[in-house]
Amino acid sequence: MRINFWQIFKTHPDGSIEPIRRVRIGGAEFGIGFRFAKGVTFSGIDLTQYIGRDFETDEQDGVLILRAIY
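For clarity, every value in this text was computed on a predicted model and none was experimentally measured.

## Things to note about the pattern of salt bridges
Phase 1 of the analysis: Tallying each qualifying case throughout the model produces six salt bridges.
Phase 2 of the analysis: Among the ionic pairs, D58 bridges to R67, the shortest N-O distance being 2.7 Å.
Phase 3 of the analysis: Its relative accessible area of 34% is what places D58 among the partly exposed residues.
Phase 4 of the analysis: Residue class for R67 comes out exposed when judged on its relative accessible area of 51%.
Phase 5 of the analysis: The network of salt bridges with common partners includes R22, R24 and E29.

See below:
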């Protein structure tokens, strides 16, 4: 299913990003409370470059799996 960045993450005043639910990107899985800043990559992807974009996702056992970025 295709969903927007803001349905998955929130941003903080310092520019960091935090998921609002459990998320998996490649082999990395993280959830609420895990904050990361610009330059931090998961499976080679710096999510700060895709703020506001849409993502192709699947859900498995309550974990949102990010498959592609539009």
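From this point on, the discussion continues.
## Considerations on the packing of aromatic side chains
Phase 1 of the analysis: Using the criterion set out here, one finds 11 aromatic pairs in the structure.
Phase 2 of the analysis: These aromatic residues form a ring-pair network of at least three members: F5, W6, F9, F30, F34, F36, F42 and F55.
Phase 3 of the analysis: Over the ring of Y70 we find R2; its NZ or CZ atom is 3.8 Å from the centre of that ring.

## A few points about the pairing of strand β6 (residues 54–60)
Regular strands show a simple pattern: their side chains alternate between the two faces of the sheet.
Phase 1 of the analysis: As defined by bridge partners, strand β1 (residues 2–4) adjoins β6 across three bridges and the pair is classed as antiparallel. Opposite N4, over in β6, you have D54 as the bridge partner.
Phase 2 of the analysis: Here β6 pairs with strand β7 (residues 63–69) via six bridges, running antiparallel. Paired with E59 across the two strands is L64, which belongs to β7.
Phase 3 of the analysis: Joining the antiparallel neighbours β6 and β7 is a turn of two residues, in which D61 adopts a positive phi near 55°.

What counts, and where the lines are drawn
Residues numbered from 1 in each chain as written. Predicted model: local features only at pLDDT ≥ 70, side-chain atom pairs only at ≥ 80, totals over all residues. Heavy atoms only, no water. Salt bridge = Lys/Arg side-chain N within 4 Å of Asp/Glu carboxyl O. Buried < 20%, exposed > 50% of the residue type's maximum accessible area, 1.4 Å probe, protein only. Phe/Tyr/Trp six-rings, centres within 6.5 Å; stacked < 30°, edge-to-face > 60°. Lys NZ or Arg CZ within 6 Å of the ring centre and 35° of its normal. Pairing = 2+ DSSP bridges. Helix = DSSP H or I, 4+ residues; strand = E, 2+ residues; numbered from the N terminus.

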